[in-house]
Amino acid sequence: MTDDKTDPESWRPATQMVRGGTFRSNFEETSEAIFATSGYVYGSAEQAEQAFKGEVERYIYSRYANPTVCMFEKRMALLEGAKFGMAFGSGMAAMFGSLASFVRAGDRVVASRALFGSCLYVIQDLLPKYGVESVLVDGTDLAQWEQALSEPAKAVFLETPSNPCLDIIDVQAVADLTHKAGGRLIVDNVFATPVLQKPLTLGADIVMYSTTKHVDGQGRCMGGALLTDDEDYYNDHLVPWMRHTGPAMSPFNAWTMLKGLETLDIRVRQHCVNAQALAEFLEGRPGIVKVLYPTLKSHPQHDLAMKQMAAGSTMLSFELAGGKAAAFRFLNALNLVDISNNLGDTKSLTTHPATTTHQRLTPEDRAALGIGDGLVRLSVGLEDVEDLKEDLARGLKAANG
Ligand SMILES: *Cc1c(COP(=O)(O)O)cnc(C)c1O
């Protein structure tokens, strides 16, 4: 194995995405190898003993670490500007590990209410079973954060932009409050991607990704990642958690994610160009109550979005006037855009959050999050935007018909 000969930290992000973390075996392969192995062999019994004592750094078992997975972790860490990266088998494994690895009974966790459904389950339903108190706030209201963080809190978790209404939370302000409360701030950066937003530079302690989404970007594999500069958190909590509870990413998925990262920059930028064009196309059309997209002037946190993000997001949502019936007519009339709850794919995908991703919530809870029966979420793909406009117009005609 030979390491990079130049300094990857000095590379610009697009270069890091193509080449960061790559190491080559003795075969000098161009593309990263898939090390499909669960175990590793030792030259002697003494070597095995040294490895287990931690006296030498080497591969021991793929639940602990694997060369292909390590390449992916290194590339993600470089891109995020983080010292440490850890890959997981799914975004939810990363999310659960980010908290469960270090909170204990009696701790408080504060989170924004507008979270991906399973993240909400972990914070609202699961952690309290283990004696962890969880407090939910409206993430866009700093006064609520101030109040919740006027007492000690071990961890704060937020998602910005949020699913599905693209609420924007002031990461720097919440990071400051979190640190005063003695806690660590974890940011779910899935909607923003590392191309559009860098939470560590805004004061966050840990960044979480579902790499199932834009990092793979082509709807193939599940994966997740945590990135951090916090050495204590990484060494004392994450590493033992990963080694002994087993949410490891598979080498094949890590390889797919490495290939995904090589085109992440160019894909996300084009996704955003398309999303912006569609947001403008939809806004003000008959039958549309509102369009939620961060770079539109009409977005409630437009100024904050422009301050902390490089573009609007690959996602947009809009509210149809006719409720669920209109939303269903819209979805069923589409010829090109697929109905799917997944996102961050080259293929445009659309979903009706009230009856799918957020159907578990009560109507009151959905209303509090702004998820009406007419809300439609769109993950904008890389098709020609004119074809997408034609398809959306077809859906709207049906919705209004
Ligand atoms: C998909 C997603 C997750 C969960 O990731 P999985 O890879 O599906 O486990 C968490 N947060 C957000 C914002 C997501 O979109």
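Up top is the structure these notes are about.
In this text the structure is predicted, and so the values were computed from the model without any measurement.

So, how was this worked out
Residues numbered from 1 in each chain as written. Predicted model: local features only at pLDDT ≥ 70, side-chain atom pairs only at ≥ 80, totals over all residues. Heavy atoms only, no water. Helix = DSSP H or I, 4+ residues; strand = E, 2+ residues; numbered from the N terminus. Buried < 20%, exposed > 50% of the residue type's maximum accessible area, 1.4 Å probe, protein only. Polar contact = N/O pair within 3.5 Å; in protein donor to acceptor, adjacent residues only side chain to side chain. Contact = heavy atoms within 4.5 Å. Pairing = 2+ DSSP bridges. Axes fitted to C-alpha atoms, helices over the stretch in contact; angles between N-to-C directions. Phe/Tyr/Trp six-rings, centres within 6.5 Å; stacked < 30°, edge-to-face > 60°. Near = heavy atom within 4 Å. Areas by Shrake-Rupley, 256 points an atom, 1.4 Å probe, with all protein chains shown as cover. Nonpolar A, V, L, I, M, F, W, Y, C, P; charged D, E, K, R; others polar. Salt bridge = Lys/Arg side-chain N within 4 Å of Asp/Glu carboxyl O.

Visitor: Looking at this model, I keep getting lost on the side chain of arginine 184. Mind explaining?
Guide: With respect to the helices and strands, the residue arginine 184 is situated in strand 5 (residues 184-188). Using a relative accessible area of 17% as the deciding quantity, one classes arginine 184 as buried. At a separation of 2.6 Å, a polar atom in the side chain of arginine 184 contacts the side chain of aspartate 230. Excluding residues within four positions of it along the chain, arginine 184 makes contact with Phe102, Lys154, Ala155, Val156, Thr178, Asp205, Ile206, Asp230, Asp232, Tyr233 and His237.

Visitor: Just checking my understanding: could you explain the sheet that holds strand 3 (residues 133-137) for this structure?
Guide: Hydrogen bonds along the backbone pair up the strands of a sheet, which may run parallel or antiparallel. Strand order across the open sheet formed by 7 strands is 1-7-6-5-4-2-3, with mixed pairing between neighbours. Each having just a single partner strand, strand 1 (84-88) and strand 3 make up the two edges of the open sheet. Each strand axis lies, on average, 20° off the axis of its neighbour in the sheet, ignoring direction. Sheet topology places strand 4 (residues 155-159) next to strand 5; 5 bridges connect them, and they run parallel.

Visitor: What exactly am I supposed to notice about the pairing of strand 12 (residues 375-379) here?
Guide: For a regular strand, side chains alternate in direction, first toward one face of the sheet and then toward the other. Most of strand 12 sits inside the fold, with 5 of its 5 residues counted as buried. Inspection of the sheet shows strand 9 (residues 315-320) paired to strand 12 by 5 bridges, in the antiparallel sense. Of the residues in strand 12, the one forming a bridge with methionine 315 is serine 379. As defined by bridge partners, strand 11 (residues 349-351) adjoins strand 12 across 3 bridges and the pair is classed as antiparallel. Bridge pairing in strand 12 places threonine 350 opposite leucine 378.

Visitor: Help me understand the packing of aromatic side chains, please; the structure alone is not making it clear to me.
Guide: Centre distance and the angle of the planes are the two values used to describe a pair of aromatic rings. On inspection of all chains with the given rule, the structure shows 7 aromatic pairs. Aromatic pair tyrosine 61 and tyrosine 64: ring centres 6.4 Å apart, planes at 80°, arrangement edge-to-face. Ring centres of phenylalanine 84 and tyrosine 234 lie 4.3 Å apart, and the angle between their planes is 10°; on these two criteria the pair is classed as stacked. One end of the pair, phenylalanine 84, is in strand 1; the other, tyrosine 234, is in helix 9 (residues 231-245), and 150 residues separate them in sequence. In this pair, the class of phenylalanine 84 matches that of tyrosine 234, namely buried.

Visitor: In this structure, what is going on with the site of the ligand? I would like to understand it.
Guide: In the vicinity of the ligand there are 15 residues, among which Met92, Asp188, Ser210, Thr212 and Lys213 approach most closely. Within the backbone of glycine 91, one N or O atom sits 2.9 Å away from an oxygen atom of the ligand. The contact in question runs from an oxygen atom of the ligand to an N or O atom on the side chain of threonine 212, over 2.6 Å. Against a free-state accessible area of 380 Å², the protein chains account for coverage of 94% of the ligand. Going through the elements one at a time, helix 4 (91-100) and strand 6 (206-210) are the ones with two or more residues in the shell around the ligand. Partitioned by chemical class, the residues of the shell around the ligand number 7 nonpolar, 5 polar and 3 charged.

Visitor: Whenever I open this one, the pattern of salt bridges confuses me. Can you help?
Guide: Oppositely charged side chains can form a pair if their charged atoms are brought close together. Under the criterion given, the structure shown has 14 salt bridges. Here aspartate 216 ties to arginine 220 by a salt bridge, and the two come within 2.8 Å at their closest N and O atoms. Given a relative accessible area of 0%, aspartate 216 falls into the buried group. The partner of aspartate 391 in a salt bridge is arginine 394, and the shortest N-O contact between them spans 2.4 Å. Taken together, the positions of aspartate 391 and arginine 394, both in helix 15 (residues 385-400) and 3 residues apart, correspond to about one turn of that helix. We classify arginine 394 as partly exposed; its relative accessible area is 35%.

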